[in-house]
Amino acid sequence: MDLHAIREDYSKQALSQAQCADNPLTQFQQWLTEAINAKVNEPTAMNVATVQDNKPSSRMVLLKELTEQGFIFFTNYQSRKGQQISQNENVALTFFWPELERQVRIEGIISQIAEEESDAYFQTRPYTSKIGAWASYQSQPLKSKQELLARAATLTLKHPLSVPRPLHWGGYLVIPNYVEFWQGRPSRLHDRICYQLQHNQWHKSRLSP
Ligand SMILES: Cc1cc2nc3c(=O)[nH]c(=O)nc-3n(C[C@H](O)[C@H](O)[C@H](O)COP(=O)(O)O)c2cc1C
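The shown structure was predicted, so the numbers you read here are calculated from the model rather than taken from an experiment.

(A) Quick look at the overall build of the protein. Tallying secondary structure elements over the protein gives five helices and nine strands in all. Ordered by position in the sequence, the α and β elements of the protein form the string α-β-β-β-β-α-β-β-α-α-α-β-β-β. Structurally, the protein occupies a C-alpha span of about 55 × 50 × 40 Å along its principal axes. Looking at the protein as a whole, 39% of its 209 residues qualify as buried. Pairs at least 24 apart in sequence give 66% of the contacts found in the protein among residues at least 6 apart. Placing the 22 positive and 20 negative side-chain charges of the protein at their respective mean positions leaves the two points 6 Å apart.

(B) Seen up close, the site of the ligand. The environment of the ligand is formed by Arg59, Met60, Val61, Leu62, Phe74, Thr75, Ser79, Arg80, Lys81, Gln138 and Ser139. For the ligand, an oxygen atom lies 3.3 Å from a polar atom in the side chain of Ser79. Within the side chain of Ser139, one N or O atom sits 2.7 Å away from an oxygen atom of the ligand. Protein burial of the ligand: of its 620 Å² of free accessible surface, 64% is covered by the chains. Examining the composition of the shell around the ligand, we find that four residues originate from one element, strand S2 (residues 55–62), more than from any other. Residues that form the shell around the ligand fall into these classes: four nonpolar, four polar and three charged.

(C) Region of interest: the pairing of strand S9 (residues 201–207). The pairing of strand S8 (residues 191–198) with S9 spans seven bridges and is antiparallel. Residue Gln198 lies in a different strand from S9, and its bridge partner there is Gln201. As consecutive antiparallel partners, S8 and S9 are separated by two residues, and within that stretch His199 has a phi angle of approximately 50 degrees, a positive value.

(D) How the structure looks around the nonpolar core. Counting residues in hydrophobic clusters, the biggest one holds 30 residues, and the most contacted among them are Phe28, Phe71, Phe95, Trp97 and Val104. Elements supplying a minimum of two residues to this core: helix H1 (24–37), strand S1 (45–52), strand S4 (71–76), strand S5 (90–97), strand S6 (102–112), strand S7 (169–183) and S8. For this core, the element with the most residues is H1, which contributes five residues. Setting aside residues up to four positions removed in sequence, Phe28 forms contacts with Leu63, Leu66, Phe71, Phe95, Trp97, Val104 and Phe181. Judged by nonpolar contacts, the second largest core, of 13 residues, contains Tyr121, Phe122, Ala135 and Leu155.

(E) Structural detail: the packing of aromatic side chains. According to the stated counting rule, one finds 15 aromatic pairs in the structure shown. Between Phe74 and Tyr121, the aromatic rings sit 4.1 Å apart at their centres with planes inclined by 25 degrees, giving stacked as the arrangement. Placement of Phe74 in strand S4 and of Tyr121 in helix H3 (residues 115–124) is noted, with a sequence separation of 47 residues between them. Grouping residues by exposure puts Phe74 and Tyr121 together as buried. Taken together, a centroid distance of 5.6 Å and an interplanar angle of 15 degrees make the contact between Phe74 and Trp169 stacked. Remark: Trp169 occurs in strand S7 and Phe74 occurs in strand S4; sequence separation between them is 95 residues. Considered together, Phe74 and Trp169 belong to a single accessibility category, that of buried residues. Joined through ring pairs, the aromatic side chains of Phe28, Phe71, Phe95 and Trp97 make up one cluster. Lying across the ring of Tyr137, Arg151 places its NZ or CZ 3.9 Å from the centre.

Calculation criteria
- Note that residues are indexed from 1 along each chain, following the sequence as it is written.
- Per-residue local features are limited, in this predicted model, to residues with pLDDT of at least 70; the limit for side-chain atom pairs, both in listing and counting, is 80 or more; totals at the level of whole chains, interfaces and linings are taken over all residues.
- Side-chain metrics in this entry use all non-hydrogen atoms of the structure; hydrogen atoms and water are not considered.
- Helical segments are the DSSP runs of H or I of at least four residues, strand segments are the runs of E of at least two, and each set is numbered from the N terminus.
- Exposure categories follow from relative accessible area, calculated using a 1.4 Å probe and restricted to protein chains: below 20% of the type maximum is buried, above 50% is exposed, and the middle band is partly exposed.
- Two residues form a contact once any of their heavy atoms are found within 4.5 Å.
- By the counting scheme adopted, Arg and Lys are positive, Glu and Asp are negative, and His together with the chain ends is not counted.
- The location of each charge is read from NZ of Lys, CZ of Arg, CG of Asp or CD of Glu.
- Nearness is defined per residue: one heavy atom within 4 Å of the molecule or strand is enough.
- Pairs of N or O atoms are called polar contacts if they sit within 3.5 Å, as long as, within protein, a hydrogen donor faces a hydrogen acceptor (for residues adjacent in sequence, only side-chain-to-side-chain pairs).
- Residue burial considers only the protein chains on display, and all accessible areas are found by Shrake-Rupley using a 1.4 Å probe.
- Amino acids outside the nonpolar list (Ala, Val, Leu, Ile, Met, Phe, Trp, Tyr, Cys, Pro) and the charged list (Asp, Glu, Lys, Arg) are all regarded as polar, and Gly is one of them.
- Two strands form a pair only when DSSP identifies at least two bridges running between them.
- Throughout this description, the term nonpolar core refers to a set of buried Ala, Val, Leu, Ile, Met, Phe, Trp, Tyr and Cys residues connected via side-chain atoms within 4.5 Å.
- Only Phe, Tyr and Trp rings take part, Trp by its six-membered ring, and two of them pair if their centres are within 6.5 Å. Stacked means planes under 30 degrees apart, edge-to-face means over 60, and tilted covers everything else.
- Whether a charge lies above a ring is judged from NZ of Lys or CZ of Arg, which has to be within 6 Å of the ring centre and within 35 degrees of the ring normal.

Quick look at the structure:
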């Protein structure tokens, strides 16, 4: 398989320091809105990288809330990522919106959100997703698919109407201390504008591509 010849030249838009908002969360909200309006595939999908014992690990999750503080996603607190997060609060997020030739990189500190906030989001989920949160012992070995389906079936009998949130399932908030916006440009001369938090102030600068 020859991968050498697979290459895109990016030319859709430019990005300047002056046009970027003073606050990276404001800038992110603008780009996310543009990604949603452009109907890109999975606009809220982001990679979450965690570190345990100096070893990185990463996977995709869905951004479910953007607040003035940062980025919220939901998962199983006992999963592999949950265990890694409990050992190391430093994480990184990456969004890639190929249709817009854009990437956003975020680094920050992660923590569990308040139980009531997780309850509130859990109750907005479809019934089958709520059952799934109970049925899946996320990241644990599973003898067979049948075992999972049987557990889900038993849980629907146990909770035919309302499903309480499992205490081991909830939200994480990532409070950023570094955010970088990347806009693809021709000839690999891309635009990169980064924000660094220093003494509680965001500082914007341009990076080499
Ligand atoms: C597009 C996409 C979105 C996903 N969203 C979530 C999510 O919001 N929460 C979640 O726990 N897993 C989500 N997953 C599954 C994770 O990538 C991963 O398989 C799972 O969380 C277990 O990861 P872990 O073993 O590192 O904890 C998503 C996967 C994809 C491909």
